[in-house]
Amino acid sequence: MAFPKTDLAPSYQKPSFNTAASFHFNKNKRLNISLWLNVGEVVSENREVIFLDQSEFQINDYASTSYQSLHAEPTLHIFKKEKWGLYIAQGFGFFRYETYDENNQKLADQLNSRAPGETVSNFTVILPSSLGGYYFLPNKFGIHGRVSIWNTQTDYLDNISSFGNPDNNDNIINLQLSIIKQF
Ligand SMILES: [Ca+2]
Ligand SMILES: [Ca+2]
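Residues numbered from 1 in each chain as written. Chains lettered and ligands numbered in written order. Predicted model: local features only at pLDDT ≥ 70, side-chain atom pairs only at ≥ 80, totals over all residues.

When helices and strands are counted, the chain shows zero helices and 10 strands. Each helix and strand of the chain, ordered N terminal to C terminal, gives the series β-β-β-β-β-β-β-β-β-β. Here the C-alpha coordinates of the chain stretch approximately 65 × 25 × 25 Å along the principal axes. Among the 183 residues that make up the chain, the fraction classed as buried is 29%. (Helix = DSSP H or I, 4+ residues; strand = E, 2+ residues; numbered from the N terminus. Buried ≥ 20, exposed ≤ 12 C-beta atoms within 10 Å, placed from the backbone.)

Before going further, it helps to examine the environment of Asn165. Position of Asn165 relative to the elements: it lies in the loop between strand S9 (141-149) and strand S10 (171-181). Taking the C-alpha atoms as reference points, Asn165 and Thr124, 41 residues apart in sequence, are found 19 Å from one another.

A few words now on the environment of Asp167. As for its placement among the helices and strands, Asp167 is situated in the loop between S9 and S10. For Asp167, a count of 7 C-beta atoms within 10 Å puts it in the exposed group. Sequence spacing of Asp167 and Asn46 is 121 residues, and the spatial spacing of their C-alpha atoms is 19 Å.

If a residue is not glycine, its phi is most likely negative; likewise, a peptide bond is most likely trans. The phi dihedral of Asn104 falls on the positive side, at around 65 degrees, and the residue is not glycine. Within the fold, Asn104 resides in the loop between strand S6 (92-100) and strand S7 (123-126). Classification of Asn104 by C-beta neighbours within 10 Å gives exposed; the count is 7. Phi at Lys140 takes a positive value of approximately 75 degrees, unusual for a residue other than glycine. Here Lys140 is to be found in the loop between strand S8 (129-136) and S9.

Written out as structure tokens, the structure is:
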């Protein structure tokens, strides 16, 4: 489940589905590395926001952001036992996204939705900070849960920066629960 925090939706509230695949190289006692692929969508919406000058600009009050990301993360085990572990991780990776309005039109193309000269990219870097744990059954299958703050390096997940608070980037918290297999 992914929860966005943007200029339109300033607290982590509205959950959306996130799908992930990951590989964990877990041989070492403490320091290991994992690779993550995530695909999902987050929605930001604020019907009550009244922006200053609606005559000149068509500022969006809704943004649906679909994304794909790939990141690598060194993981540091706090506990590592034969059947279970608890770890923290700090990743680095790439994040591709596209933001749509309610009519499924790309907001990036709608120049009058942003301040003059504000161009958006659909590509950014993420620095996910995570806390996770896992437990293996005797059949080598297991369950894995974690929480991640993605620390995106963009303010345009909701297509709004100058008209909102340009000093903070948009962000995503991701809660994940997955089935894992030991090889
Ligand atoms: Ca923003
Ligand atoms: Ca902002």
